[in-house]
Amino acid sequence: MTATAVSIAGVTPREIVTPRSIDELAAIVRELHDARKAFAFVGGGTALDLGNSPRALDVAVRTSALDAIVDYAPEDQTITVEAGATLADLDRVLARHGQMLPLDVADRERSTIGGVVATNRYGRRRQRYGTAKDLIVGVSIVRPDGVRARGGGKVVKNVAGFDLPKLAVGALGTLGAIATVTFRLYPIPEAARAVVLRFGREAALGAALHEMIVRRLEPESVALYDYRALVVTFAGTQRGTDAQARTLVDEIAPAHGVEAAPLSELERESYEQRERAVRRDGSWRFRVIAPPAEPVATAANAVPATPLAVPVAYPLLGIALHAHSEETLAAPPDAAPDWPVHDLRETVADRTHNRGHVVFDAIPAAARGLVDPWGPTPPSFALMRTLKQNFDPHGLCNPGRFIGGL
Amino acid sequence: MTAIAVSPAFDHFAAIVGAKNVVGSPAELRTYECDGLLGYRVRPELVVLPGTTEEVAACVVLARELGMPVVPRGAGTGLSGGALPSEGCVVIGLARMKKILEVDLANRVARVQPGVINLDITRALQADGWYYAPDPSSQSVCTIGGNVAENSGGAHCLKYGFTVNHVLGLTLVTPDGAVVALGSQAGEPDVLGYDLTGVVVGSEGMTGIVTEVLVRILRSPQRTQTLFATFPSTDEAGDAVSRIIGAGIVPAAIEMCDALAIEAIVAATDVDWPLDVGALLLMDADGVEEEVDEVAARARTHVEAAGALEIRAPKDDAERLLAWKGRKAAFAAMGRISPNYYVQDGVIPRKEIGKVLREIAALGARAGLRVANVFHAGDGNLHPLVLYDGRIPGQEHAAEEVGGEILRVCLRYGGSVTGEHGVGHDKACYLGEQFSPDDLATMQMIRTTFDPERRFNPEKMFPTPRLCGDKPGAYVPHATETAGEAARG
Ligand SMILES: Cc1cc2nc3c(=O)[nH]c(=O)nc-3n(C[C@H](O)[C@H](O)[C@H](O)COP(=O)(O)OP(=O)(O)OC[C@H]3O[C@@H](n4cnc5c(N)ncnc54)[C@H](O)[C@@H]3O)c2cc1C
């Protein structure tokens, strides 16, 4: 059954199948495994550019029909959903009970739970809530050999057995298909406030951030746009958020000679738009990741100017996001084929004393194969290779797409 | 140390760590025969106490050459038999590796050795207003290495998460003797590839020996407000927990004690808790001042609505700390009301607390045993303490049976057989009731990634016919019991 065409990191599968149930998903994977055919899983198709081109790809398995809410226990603040359910599906169900899954990923109508977990997507509220790693409490997968397996559970606290859920997060579907996920949920805060601080000097930024921590403010998110405007949000009770916004505007900002103002919901939303753009637009998209004390300055200095979308950084986390048009990062005539990726990586490694790295979320078609989207493998790579080998000895499951060609 | 090397391997290990850091005499080995799970004892062949990562790696290589199983050990406070030796094994104890290597406030991380006592991290930071969040009740005696291996929790993990949420990176000596850096090196939020750090945390000493840990450190909150409330029974207390959580309030901690636990704690500590109540809740709200006041006031309304008898707020920090000390001393306090007890650790959906506690009481009654409860109610993490008298033939066995039945109740409600103490030796047989053979086989794929020979902590976690036929030995008091706060509480 062939649906609309997909291309996974530049490779088009021969066939696309859409299982109607998890049993069917398991049966399909087993069949492919037994026939030694290569396969990959597709959710909403929002992150198909990520990673290396798969070494082989016979069949793409779509999870879109696996969209059931399996079990929602609002009193317990947990939900179990099938992998093909979208974030928007979840938002709608949870909002009725004043709850949320605090993963602010753009494109909620398309992004599926399986995809968000497999790619470990996050947004600015990672500051408070962490990533899927901190929210996932259980998972069921279909292994590359078609066997179904579970890890974790449905309760919020659980240390029984090896942590399969943690392993599923960010594995890019290379250890099997995510079939269902159980998350712990959070209440939607009753009040939210946003403040913008405008910077002329980098030093003032560091000092103001430091003072926010020292004064024990508890921001929900801290995002820097274009290396100039720091948007800080607070969420919680009315009085708590008011008080924190006041401290920031009336005390911390003036003390550092920084201009500060409260943001209306509309203004905050316009920043949110920019943030979506940096995740969606541009044929080059990348993240600079480093210890929090480093990457903002690093990214600002390391990255070529005139980005397509306004760069966004989370300075307390140590992450900077960039999007560029193909031309901006186009190579000079005599450059090595992987320019400017190579330069960028060198600068980042250099400035962060080898503690930082760059991951490309999107690469233009012309640069595919010339550029390693992941970069150098970590020291534990040998273990990762063994792990992949244990799960997928025949190398059938999204082969080659992950770091170091896993 | 003794010069009588019982094991022929003694000299080999002594060549690596020095003779004074190898324990080989039967008398001295007794200390290492068990952890906090006292019913099981196995004498290890040897215990070595390396002082550096390199020494650990050399010991691991030697153990491999000699074909000896390896059992890592921290402070030995584990309650699931995780550090219980295997026949013929070498125990690698990390107690000597207890340096805080680096505190990096700019990146909000600290790098510590595995033998560092949990509370010592906070002690080193608190003057500057920082702390390490996971707070097992044993925090003044247990090690970070043990916490990592068990993915330990604690009262305040309700809001702040468990050990796994606070460990960013590790140095691991793998079973083949390689020294591998996993995860974050200096506080970078993400690293490439599979989350091996997340897998090693909670792997119960089966993936290698952790020799360095990079932990996240937090700024201490502006304010903490504690609420203390009593109830006619655990039903109303359970209802209060449901109401608070259901109302979208995220307290830092909600702990529950039932009447028996209160009786024991009052007898053992200076708290002035009332004895004529059925249950009490101890709750912390923390964060920004204005918010904490509001949240505490709201929680109070829910506690009232659930039928609280009395609600108190400690009048000062001293009284607040006393209440928490009472709670943290709870296991130890059981000695006041029973000669022996068996600590259970199971999880249920938090809305079911009242119902499940009644089922547990009924199980105890049927076996003629009392069960005290003192636990992390906000997470639904139960700690039923099955009280028994080891001198009465059959009682210890009956207590174990009740403990097992309690786990089955937890599973029936969709819960888990362990929330923080780990599977270890104690619950290996129950893991097979929680997970299918395929689930367990998948976990083995993860385990053998690190340890293809299954030589590290070989008889833990996974059910085997041999294990599941085992019977506990006779009860003998253990060092942890007489070591102050650690004393089984
Ligand atoms: C009074 C009391 C109260 C307790 N309260 C709590 C509580 O509130 N929450 C909670 O979670 N637990 C609690 N515990 C259980 C126990 O304290 C924890 O499991 C603790 O983490 C064990 O640390 P330890 O140093 O004693 O480890 P050990 O008991 O020595 O070892 C535990 C496990 O870790 C492994 N291990 C130890 N060090 C290393 C290392 N460096 N590398 C690899 N593996 C290693 C061992 O092999 C073993 O499997 C309590 C125990 C007691 C006695």
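Keep in mind that what you see is a predicted model, and the values were worked out from it rather than measured.

1. Overview of the overall build of chain A
Along its length, chain A carries 12 helices and 18 strands. Here the C-alpha atoms of chain A give a radius of gyration of 22 Å, agreeing with the 22 Å that 2.2 N^0.38 yields for 406 residues. With the principal axes as the frame, chain A shows a C-alpha extent of 70 × 60 × 35 Å. A total of 406 residues make up chain A; the buried ones form 62% of that total. For chain A, long-range pairs separated by at least 24 residues make up 71% of all intrachain contacts whose partners lie at least 6 apart in sequence.

2. Structural notes on the packing of aromatic side chains
All names here are of chain A. Considering all chains together, one arrives at 10 aromatic pairs over all chains under this definition. Judged by centre distance (4.8 Å) and plane angle (45 degrees), the ring pair of Tyr225 and Tyr271 falls under tilted. Note that Tyr225 is positioned in strand β12 (residues 221-225) and Tyr271 in helix α9 (residues 265-280), a separation of 46 residues in sequence. In this pair, the class of Tyr225 matches that of Tyr271, namely buried. Taken together through their ring pairs, the aromatic side chains of Trp284, Phe286 and Phe360 make up a single cluster.

3. Focus on the pattern of salt bridges
All told, the structure shown has 58 salt bridges over all chains when counted by the stated rule. Across the salt bridge formed by Lys133 of chain A and Asp195 of chain B, the nearest N and O atoms sit 3.7 Å from each other. Here the residue Lys133 of chain A occupies a position in helix α5 (residues 132-135), and Asp195 of chain B occupies one in the loop between β9 (179-183) and α7 (196-200), the pair thus bridging two chains. With relative accessibility at 11%, the residue Asp195 of chain B sits in the buried group. We note a salt bridge from Asp226 of chain A to Arg228 of chain A, for which the minimum N-O separation is 2.6 Å. Several salt bridges share partner residues, and in doing so they unite Asp104, Arg124, Arg125, Glu220, Glu265, Arg268 and Glu272 of chain A into one network.

4. Points about empty space enclosed by the protein
The final tally for this structure, using the stated rule, is 8 cavities of 30 Å³ or more. A volume near 260 Å³ is recorded for the second largest cavity. Around the second largest cavity sit 20 residues that line it, and Thr119, Asn120, Gly170 and Arg287 of chain A together with Val191 of chain B are the ones nearest its centre. When residues of the lining of the second largest cavity are traced back to their parent elements, those giving at least two are α3 (113-119), β15 (284-289) and β18 (357-362) of chain A. Its residues assigned to classes, the lining of the second largest cavity comprises 12 nonpolar, 5 polar and 3 charged.

5. Topic: unusual backbone geometry
With phi around 55 degrees, Leu172 of chain A is a residue other than glycine that occupies positive phi space. Overall, the relative accessible area of 7% leaves Leu172 of chain A in the buried class. In this structure, Met461 of chain B is a non-glycine residue whose phi angle is positive, near 70 degrees. Note on Met461 of chain B: relative accessible area 0%, which makes it buried.

6. Considering the side chain of Arg124 of chain A
Residues and elements named next belong to chain A. Turning to its location among the elements, Arg124 is positioned in the loop between α3 and α4 (126-129). By relative accessible area, Arg124 is classed as buried at 9%. For Arg124, the residues in contact, after removing those within four places along its chain, are Asp104, Glu220, Ser221, Thr233, Arg268, Glu272, Glu275, Arg279 and Tyr314.

7. Considerations on the interface of chain B and chain A
At the interface, 85 residues of chain B touch 77 residues of chain A. Overall, the association of chain B and chain A removes approximately 6700 Å² of surface from exposure, summing both partners, and the carbon and sulfur fraction of that is 59%. In terms of surface lost to chain A, no three residues of chain B exceed Asp190, Leu192 and Tyr194 of chain B, which account for 14% of the buried area on that side. In this assembly, chain B and chain A are joined by 7 salt bridges.

8. Quick notes on the state of the cysteines
Residues and elements named next belong to chain B. The final tally for this structure, using the stated rule, is 1 disulfide over all chains. There is a disulfide in this structure between Cys429 and Cys468, and the S-S distance comes to 2.1 Å. Between Cys429 and Cys468, the S-S torsion sits near -115 degrees, and that sign places the bridge as left-handed. With Cys429 in helix α15 (residues 428-434) and Cys468 in helix α17 (residues 465-469), this pair connects stretches of sequence that are 39 residues apart. Of all cysteine sulfurs in the structure, the one in Cys34 sits closest to Cys89, which takes part in no disulfide; the separation is 13 Å.

9. A closer look at a nonpolar patch on the surface
All names here are of chain B. A cluster of nonpolar side chains, contributed by Ile100, Val103 and Leu105, occupies part of the molecular surface with about 200 Å² of accessible area. One can find Val103 in strand β5 (residues 100-104). Exposure remark for Val103: the relative accessible area of 40% places this residue in the partly exposed category.

10. Comments concerning the packing of helix α8 (residues 238-255) of chain A against helix α10 (residues 289-305) of chain B
Contact pair α8 of chain A / α10 of chain B: the axes reach a minimum separation of 7 Å and the direction vectors enclose 175 degrees. When the axes of α8 of chain A and α10 of chain B are compared, the pair comes out roughly antiparallel. Across from Gln238, Arg239, Gly240, Thr241 and Ala243 of chain A in α8 of chain A, the residues of α10 of chain B making contact are Glu290, Glu291 and Glu294 of chain B. For the contact of α8 of chain A with α10 of chain B, the class distribution of residues is 1 nonpolar, 3 polar and 4 charged.

11. Here's the deal with the domain arrangement of chain B
Residue and element names in this part refer to chain B. According to the domain assignment, chain B contains domain 1 (10-93), domain 2 (100-219), domain 3 (223-267 + 274-328), domain 4 (338-426) and domain 5 (437-488). Between the C-alpha centres of domain 3 and domain 4 the distance comes to 22 Å. Contacts between the two partners involve 14 residues from domain 3 and, on the opposite side, 16 residues from domain 4. Between domain 3 and domain 4 lies a buried interface of about 1300 Å² when both sides are counted; carbon and sulfur atoms form 57% of it. A salt bridge links Arg358 to Asp235; its shortest N-O distance comes to 3.1 Å.

The rules behind these values
- Residues numbered from 1 in each chain as written.
- Chains lettered and ligands numbered in written order.
- Predicted model: local features only at pLDDT ≥ 70, side-chain atom pairs only at ≥ 80, totals over all residues.
- Heavy atoms only, no water.
- Helix = DSSP H or I, 4+ residues; strand = E, 2+ residues; numbered from the N terminus.
- Rg over C-alpha atoms; globule rule 2.2 N^0.38 Å.
- Buried < 20%, exposed > 50% of the residue type's maximum accessible area, 1.4 Å probe, protein only.
- Contact = heavy atoms within 4.5 Å.
- Phe/Tyr/Trp six-rings, centres within 6.5 Å; stacked < 30°, edge-to-face > 60°.
- Salt bridge = Lys/Arg side-chain N within 4 Å of Asp/Glu carboxyl O.
- 1 Å grid on protein atoms, 1.4 Å probe; cavity = no way out; pocket = protein on both sides within 12 Å on 5 of 7 lines; lining within 4 Å.
- Points joined across faces, edges and corners; volume = space filled by probe spheres on them.
- Nonpolar A, V, L, I, M, F, W, Y, C, P; charged D, E, K, R; others polar.
- Buried area = accessible area lost by both parts, 1.4 Å probe.
- Disulfide = S-S within 2.5 Å.
- Patch = residues over 30% accessible without salt bridge, like charges linked within 9 Å, V, L, I, M, F, W, Y side chains within 5 Å.
- Areas by Shrake-Rupley, 256 points an atom, 1.4 Å probe, with all protein chains shown as cover.
- Axes fitted to C-alpha atoms, helices over the stretch in contact; angles between N-to-C directions.
- Parallel < 35°, antiparallel > 145°, perpendicular 65-115°, else oblique.
- Domains from an automatic or database assignment.

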